[in-house]
Each structure stands twice: as C-alpha cells, then as structure tokens.
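Below, each chain spelled out in residue letters.
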Amino acid sequence: MSWGRFVKAKNNLYKTDKVFEWNDSAGLKAFNEAKQRFWAEFHGFRCNKSLPSADMYIDKDIDWNPRIDPLLFSEIKAPSDDDDEGAVVAEEIDWSSIPLDQIIPTGWDVDGDYGPKLPLLVGR
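Residues numbered from 1 in each chain as written. Predicted model: local features only at pLDDT ≥ 70, side-chain atom pairs only at ≥ 80, totals over all residues. Heavy atoms only, no water.

Undergrad: How should I be thinking about the overall build of the chain in this particular structure?
TA: A tally of regular secondary structure across the chain gives 4 helices and 0 strands. Burial statistics for the chain: of 124 residues in total, 2% are counted as buried. When the accessible surface of the chain is totalled, it reaches about 13500 Å², and 59% of it is carbon and sulfur. (Helix = DSSP H or I, 4+ residues; strand = E, 2+ residues; numbered from the N terminus. Buried < 20%, exposed > 50% of the residue type's maximum accessible area, 1.4 Å probe, protein only. Areas by Shrake-Rupley, 256 points an atom, 1.4 Å probe, with all protein chains shown as cover.)

Undergrad: So what exactly am I meant to see when it comes to the confidence of the model for the chain here?
TA: Detailed reading of the predicted coordinates is not advisable wherever pLDDT is low. In this model, the chain carries a mean pLDDT of 75, and residues with pLDDT of at least 70 account for 69%. At the level of individual helices and strands, the chain shows its lowest average pLDDT in helix H2 (residues 17-20), which scores 68, and its highest in helix H3 (residues 25-42), which scores 90. (pLDDT = per-residue confidence, 0-100.)

Undergrad: Looking at this structure, I do not really get the layout of surface pockets. What am I missing?
TA: Unfilled space is identified by rolling a water-sized probe across the atoms. The space that makes up the largest pocket amounts to roughly 230 Å³. For the largest pocket, the full set of lining residues is Ala 26, Lys 29, Ala 30, Glu 33, Arg 37, Lys 49, Ser 50, Leu 51, Pro 52, Met 56 and Tyr 57. A class-by-class count of the residues in the lining of the largest pocket yields 6 nonpolar, 1 polar and 4 charged. (1 Å grid on protein atoms, 1.4 Å probe; cavity = no way out; pocket = protein on both sides within 12 Å on 5 of 7 lines; lining within 4 Å. Points joined across faces, edges and corners; volume = space filled by probe spheres on them. Nonpolar A, V, L, I, M, F, W, Y, C, P; charged D, E, K, R; others polar.)

Undergrad: Which parts of the structure should I look at to understand a nonpolar patch on the surface?
TA: A cluster of nonpolar side chains, Phe 38, Trp 39, Phe 42 and Phe 45, forms an exposed patch at the surface whose accessible area comes to about 540 Å². Note that Phe 38 resides in helix H3. The exposure class of Phe 38 is exposed, given its relative accessible area of 56%. (Patch = residues over 30% accessible without salt bridge, like charges linked within 9 Å, V, L, I, M, F, W, Y side chains within 5 Å. Salt bridge = Lys/Arg side-chain N within 4 Å of Asp/Glu carboxyl O.)

Undergrad: Help me understand H3, please; the structure alone is not making it clear to me.
TA: Residues that lie three or four places apart on an α-helix share one face, since the helix turns once every 3.6 residues. Between the first and last C-alpha of H3 there are 25 Å, a value that for 18 residues agrees with the 26 Å anticipated at 1.5 Å per step. Residue Gly 44 follows H3 closely and has a positive phi angle near 80 degrees. (Expected span 1.5 Å × (residues − 1).)

Undergrad: Just checking my understanding: could you explain the packing of aromatic side chains for this structure?
TA: Two aromatic rings are characterised by how far apart their centres lie and by the angle between their planes. Considering all chains together, one arrives at 3 aromatic pairs under this definition. Each ring, one from Phe 38 and one from Phe 42, has its centre 5.7 Å from the other, and the planes form 25 degrees; the classification is stacked. With Phe 38 and Phe 42 both in helix H3, this residue pair falls 4 residues apart, about one helical turn. Between the aromatic rings of Trp 39 and Phe 45, the centroid separation amounts to 5.5 Å while the plane-to-plane angle is 5 degrees, which identifies the pairing as stacked. (Phe/Tyr/Trp six-rings, centres within 6.5 Å; stacked < 30°, edge-to-face > 60°.)

Undergrad: I would appreciate a short explanation of the environment of Ser 2 in the present structure.
TA: As for its position among the elements, Ser 2 is in the segment before helix H1 (3-11). A distance of 3.2 Å separates the side chain of Ser 2 from the backbone nitrogen of Arg 5, its partner in a polar contact. (Polar contact = N/O pair within 3.5 Å; in protein donor to acceptor, adjacent residues only side chain to side chain.)

Undergrad: What exactly am I supposed to notice about the side chain of Arg 37 here?
TA: Mapped onto the elements of the fold, Arg 37 is located in helix H3. As a buried residue without a salt bridge, Arg 37 has its nearest oppositely charged side chain in Glu 33, at a separation of 4.3 Å. At 3.3 Å, the side chain of Arg 37 forms a polar contact with the backbone oxygen of Ser 50. (Lys, Arg positive; Asp, Glu negative; His and termini not counted.)

Spelled out as structure tokens, the structure:
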C-alpha cells in the first residue's frame with residue numbers, strides 16, 4: 001500500500017472512527033482458547049478449555065416447532081410459480097451443430113500482458 005493511499009484512508013477514518021477504536025479482546029480470547037483446544041487434541045492431551053455455548057448470543061427461547069398458519073404460507077409465491085405471461089422464450093440452439101472453427105474464445109488470453117510479476121512470498 002502506498003503512503004498516499006494510506007494517508008487518504010486515514011483521513012477518511014473520521015467517518016468510521018469507532019472501527020479504529022474497536023477492542024476485539026473477546027475475539028482474541030476465543031482464538032487463543034480454540035488454538036489451545038486444537039493443540040491439546042492434536043498432541044493427545046486433555047484440555048480444560050470447554051467449547052463456547054452455541055446459545056451464547058440468543059437472548060430468548062426459540063420455538064423450534066412453531067405452528068405456521070397455512071393461509072399465510074399459501075400467499076407466499078415461490079420463484080418457480082411464475083406465470084410465463086408475456087415472457088420471451090429464447091430459441092433453443094443445437095450447440096453441436098456449430099463448427100469449432102467458428103467459436104471465438106474470449107477471456108483468459110494466454111498472450112496478454114498481465115503486468116509485473118510479484119515476488120513469491122511462500123517458502124520453498
């Protein structure tokens with residue numbers, strides 16, 4: 001990232017300064033505990049760190065078997081239920097009838113100049 005681009009991003013930070021001041025200590029704690037659980041399981045040790053509760057952020061009970069009003073449900077129109085009123089149907093093309101020499105490939109040009117090559121950042 002160039003210095004000018006960094007300064008421009010920094011100058012626009014006032015709009016989202018709360019993101020800049022965000023404290024993600026809970027995320028760091030969860031990451032470290034997951035790393036410890038993985039290390040212990042991988043090396044065959046017991047880990048006293050338990051998994052976080054799946055219901056941690058649910059603030060009310062969920063009715064997993066609700067009664068759904070059939071009348072309300074019948075008013076919902078599925079995308080496959082569309083009427084073909086006024087729809088223009090494209091003519092079917094027999095793709096096997098087109099000679100290969102008439103097909104012009106586009107994209108993924110093998111002779112194109114893709115700009116400077118970046119150095120390889122992974123170890124060998």
